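Here is what each chain is made of, one letter per residue.
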Amino acid sequence: MPPVLEVQGLVNRFGSQLVHDGLDMQVAQDEVFGIVGGSGAGKSVLLRTILGLQRPQAGVVRIEGLDITHMSPPQLRAVKARYGVSFQQGALYSGLTLLQNVQLPMVEHLELTAAALDELALLKIRLVGLPADAAAKYPAQLSGGMIKRAALARALSLDPSLLFLDEPTSGLDPVSAAAFDELVLYLQQHLRLTIVMITHDLDTIFRTCNRVGVIVDRRMESGTLASIVDNPHPWIQAYFHGERARARLGELHGA
Amino acid sequence: MFVEVARTGAHVELELTGEWRALQIADIEAALAAIGLQKGSAVRIGTQRLQALDLSGAWALREFLRRARGAGVEVSFSGAPPDQLRLLDEVEPGTDTPAAGATAAATLPEHSPWLTAIGRYAVRAGADMLEGLGFLGRVSVTFGRSLTSLRRLRPISIARHVYDTGLTAVPIVALIGFLISVIIAYMSAQQLRGLGADIYVVDLVAIGVLRELGVLLTSIIVAGRSGSAFAAELGSMKLNEEVDALTATGVDPFEVLVVPRLLGLAIALPLLTIIADLVGLAGGALLCRYLLDMPLSQYVHRVNYAISPSTFWVGLVKAPVFALLIGLAGCYRGMQVRDSARELGRLVTQAVVQAIFFVIFADALFAVFFMELDV
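Residues numbered from 1 in each chain as written. Chains lettered and ligands numbered in written order. Predicted model: local features only at pLDDT ≥ 70, side-chain atom pairs only at ≥ 80, totals over all residues. Heavy atoms only, no water.

Novice: What is the right way to look at helix α5 (residues 144-155) of chain A in this model?
Specialist: Each α-helix winds once per 3.6 residues, and so residues spaced three or four apart point in a common direction. Residue and element names in this part refer to chain A. With 12 residues, α5 extends 17 Å between its outermost C-alpha atoms, agreeing within 8% with the 16 Å of an ideal straight helix rising 1.5 Å per residue. Across the 12 residues that make up α5, a large majority, nine, are buried. Among the residues of α5, those classed as buried are Ile 147, Lys 148, Arg 149, Ala 150, Ala 151, Leu 152, Ala 153, Arg 154 and Ala 155. Considering only its buried residues, α5 is in contact with β6 (83-86), α3 (98-109), α4 (114-127), β7 (162-166) and α6 (174-191). (Helix = DSSP H or I, 4+ residues; strand = E, 2+ residues; numbered from the N terminus. Expected span 1.5 Å × (residues − 1). Buried < 20%, exposed > 50% of the residue type's maximum accessible area, 1.4 Å probe, protein only. Contact = heavy atoms within 4.5 Å.)

This is the structure:
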């Protein structure tokens, strides 16, 4: 089976600043792939390139085998209906209620009656563990944890098989973050999702990710969690063997 | 497509085929709706040839199952029912919860909808006026406190606003000043020529520009440029919680954001008015030279004769007042922004409209006032 997402030889440059220099990455079906990297390593630029928000200087990005870097806008639009994205700050449309936020992609891409729209959107809202009465609220009336869930509900509105999560648990308390990890796993298993997530949260990585890609020196080192942990690169060593990571490593080796 | 139907008597065999995905939901619903169901018949559903079933597809299938059972049809699956149906049941506990629209049930009694609208508008306008008064009071108090020390007056911030609202507006204001004199000169020349009173064109240009139009049109331009900028800047700072961050640091946002903007504008607008006046008079000279063949010396002489020092001052004294009105409208609306981008747009629009309205209204009051004073 071809990889769901494939990045080859990606080069991104802003002026004299080289962000990615021949970055390769592959995500297979049903994987949860974590992207890790220091601040300024180019995680967000990578995500923006994969989402087609900006064109790279060189390289290829294939989503389900289709190269999105050389696509016409209508083709790109069709591809965009096949994946869901949850942005770091939620990026919920502040002038719309939660229900309308979830419905917006459906209205754009599907032909549904108003009643069916309401039902399907409510279904997605309940699917991410939000109460039905949150549907009528505006984003400003939702708590931080609810916004993360709401963003996930909107990302799932077209039932994508590929889901991108940008820092899904940042800014959540540990209990909420753990609950969110469980939600992601639950959805991944039941909806057979392929998930690509950017995260700094070691707990999230150890709980949810099958494979991890670390952006170091403008390229990506990727592999299973166990193999990445043993990668000799100093940044990766510092990341996975720092004070915060030790307890988690014990679990990995113990298991 | 999506479902193959085979009927044997009262027995219906449905074979689901293809990919049941959200993107095809309309076709799937149509295919399901086309299946006729009679009471007492039995439906068997096969899912072996189904290639994909996502949550939206499962929802459509479940809707069909409900419809069938509601019509008294016995439904069964030839294999195990798809997992996705179980997921739907897990998500939706038992009974149907009411749709979101139904929760907003605070309906008003059905009087006249107009009356309700007028009443609501009046109450809102009243509350808005009170709030505006509170804003004005807070600005005044903050300004008074700022006067106690140079540091709290924020001279650097004021200078920045003089630059942003004043210096960068010079080209457009100069152009407007010139165009005003063109309009007055052409319009009056056409009327006065018939009477042989060409010379009064100069009077009209000089008095019109200095007394009224220079300051008025400059203020309207500035209301559009800076009134909107104030509202948008402060509004996005509110949305970004920057204003809260200032307050939490123990810094008064009125002292660092509102008062410097008002003072900056109060300095910049009179200066811009002087520029508009100068360009307007120069433009008048140019037009009289080519339109009326009037030499420059005669123009200058006539201007000297037509106006008194008070003509200039009557125009200029209005500028700081207009500046305060524009700045207050912009800052007030900006500080009202909360929650959403739509709110920001609404309040910026309101800021500009009100700033222009206040300027024209105040100008009308000034006209009456100066008439009574006989200046």
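The structure having been displayed, the exposition proceeds.
Novice: Sorry, what's going on with the pattern of salt bridges here?
Specialist: One side chain can pair with another of opposite charge once the charged atoms of both are near each other. Scanning the model with the defined rule gives 24 salt bridges over all chains in all. Across the pair Glu6(A) and Arg62(A) runs a salt bridge, and its minimum N-O distance is 3.2 Å. Remark: Arg62(A) occurs in strand β4 (residues 58-63) and Glu6(A) occurs in strand β1 (residues 5-14); sequence separation between them is 56 residues. In this structure, Glu19(B) engages Arg21(B) in a salt bridge whose closest nitrogen and oxygen atoms are separated by 3.2 Å. With relative accessibility at 36%, the residue Glu19(B) sits in the partly exposed group. Here the residues in one salt-bridge network are Arg160(B), Asp164(B), Glu233(B) and Arg261(B), joined through shared partners. (Salt bridge = Lys/Arg side-chain N within 4 Å of Asp/Glu carboxyl O.)

Novice: I would appreciate a short explanation of the nonpolar core in the present structure.
Specialist: Soluble, globular proteins show a tendency: their nonpolar side chains are buried together. Counting 88 residues, the largest nonpolar core has Leu152(A), Leu156(A), Val212(A), Phe240(A), Trp20(B) and Ile45(B) as the members making the most contacts within it. Apart from the residues within four sequence positions on either side, Phe240(A) is in contact with Leu202(A), Phe206(A), Val212(A), Val214(A), Leu225(A), Ile228(A), Val229(A), Ala245(A) and Leu249(A). In this structure, Leu234(B), Phe254(B), Ile326(B) and Ala355(B) belong to the second largest nonpolar core, which totals 37 residues. (Core = buried A, V, L, I, M, F, W, Y, C linked by side-chain atoms within 4.5 Å.)

Novice: Where do I start with the sheet that holds strand β9 (residues 211-216) of chain A in this structure?
Specialist: Whether parallel or antiparallel, the strands of a sheet pair through hydrogen bonds between backbone atoms. Residues and elements named next belong to chain A. Overall, mixed pairing links the six strands, which are arranged β6-β7-β8-β3-β9-β10 in an open sheet. In this open sheet, the two edge strands, each paired with only one partner strand, are β6 and β10 (219-224). Strand-to-strand twist across the sheet, computed as the mean angle between neighbouring axes with direction ignored, equals 15°. The pairing of strand β3 (residues 32-37) with strand β8 (residues 194-198) spans four bridges and is classified as parallel. Each bridged residue has a counterpart across the sheet, and for Gly 34 the counterpart in β8 is Met 197. In this fold helix α9 (residues 234-241) packs onto β3, β9 and β10, with an angle of close to 130° to the strand it touches most, β9. (Pairing = 2+ DSSP bridges. Axes fitted to C-alpha atoms, helices over the stretch in contact; angles between N-to-C directions.)

Novice: I'm lost on the packing of aromatic side chains in this one. Help?
Specialist: All names here are of chain B. All told, the structure shown has 12 aromatic pairs over all chains when counted by the stated rule. Summarising the aromatic geometry, the rings of Phe 135 and Phe 254 are spaced 5.3 Å apart at their centres and angled 55° between planes, so their arrangement reads as tilted. In this pair, Phe 135 is assigned in helix α5 (residues 113-146) and Phe 254 in helix α11 (residues 253-291), connecting sequence segments 119 residues apart. Here Phe 135 matches Phe 254 in class, with each residue buried. Note on Phe 322 and Phe 366: the rings are 6.2 Å apart at their centroids and 70° apart in plane angle, and the pair reads as edge-to-face. Separated by 44 residues along the polypeptide, Phe 322 in helix α14 (residues 318-336) and Phe 366 in helix α15 (residues 341-373) bring together distant segments of the chain. (Phe/Tyr/Trp six-rings, centres within 6.5 Å; stacked < 30°, edge-to-face > 60°.)

Novice: So what exactly am I meant to see when it comes to the interface of chain A and chain B here?
Specialist: Accessible area lost on assembly of the parts is the figure often given for the size of an interface. The interface of chain A with chain B comprises 27 residues on the first partner and 26 residues on the second. Both faces combined, the contact of chain A with chain B buries some 2300 Å², and carbon together with sulfur accounts for 63% of it. Considering only the side of chain A, the residues that lose the most area to chain B are Leu123(A), Arg126(A) and Asp159(A), jointly responsible for 23% of the buried surface there. Joining chain A to chain B, the criterion identifies zero salt bridges. Applying the counting criterion to the chain A and chain B interface returns six residue pairs in polar contact (both at pLDDT 80 or more). Mapped onto the side of chain A that touches chain B, the elements with two or more residues apiece are α3, α4 and α6 of chain A. When its residues are assigned to classes, the side of chain A that touches chain B shows 16 nonpolar, four polar and seven charged. (Buried area = accessible area lost by both parts, 1.4 Å probe. Polar contact = N/O pair within 3.5 Å; in protein donor to acceptor, adjacent residues only side chain to side chain. Nonpolar A, V, L, I, M, F, W, Y, C, P; charged D, E, K, R; others polar.)

Novice: It is not clear to me how the side chain of Thr311(B) should be interpreted in this structure. Could you clarify?
Specialist: Inspection of the secondary structure puts Thr311(B) in helix α13 (residues 309-316). Those residues within four positions of Thr311(B) in sequence are excluded, and the remaining contacts are Ile207(B), Leu210(B) and Arg211(B).

Novice: Any chance you could explain the environment of Arg48(A) here in plain terms?
Specialist: All names here are of chain A. The residue Arg 48 is located in helix α1 (residues 43-50) in this model. Separated by 135 residues in the primary sequence, Arg 48 and Leu 183 have C-alpha atoms spaced 25 Å apart. With residues up to four places along the chain from it excluded, the contact list for Arg 48 reads Leu 53 and Gln 54.

Novice: I keep staring at the sheet that holds strand β2 (residues 11-16) of chain B and nothing clicks. Help me out?
Specialist: All names here are of chain B. Taken in spatial order, the four strands of this open sheet run β1-β2-β4-β6, and their pairing is mixed. The open sheet has two edge strands, β1 (3-8) and β6 (74-77), and neither has a second partner. Going across the sheet, the axis of each strand differs from the next one's by a mean of 20°, ignoring polarity. As judged from the four bridges shared by strand β4 (residues 42-46) and β6, these two strands associate in the parallel manner. From the neighbouring strand, Ile 45 faces β6, where its bridge partner is Phe 77.

Novice: Help me understand a nonpolar patch on the surface, please; the structure alone is not making it clear to me.
Specialist: A cluster of nonpolar side chains, namely Phe357(B), Phe358(B), Phe361(B) and Leu365(B), defines an oily patch on the protein surface of about 410 Å² accessible area. Along the polypeptide, Phe357(B) turns up in helix α15. (Patch = residues over 30% accessible without salt bridge, like charges linked within 9 Å, V, L, I, M, F, W, Y side chains within 5 Å. Areas by Shrake-Rupley, 256 points an atom, 1.4 Å probe, with all protein chains shown as cover.)

Such coordinate-based values are descriptive only and should not be taken to indicate function.
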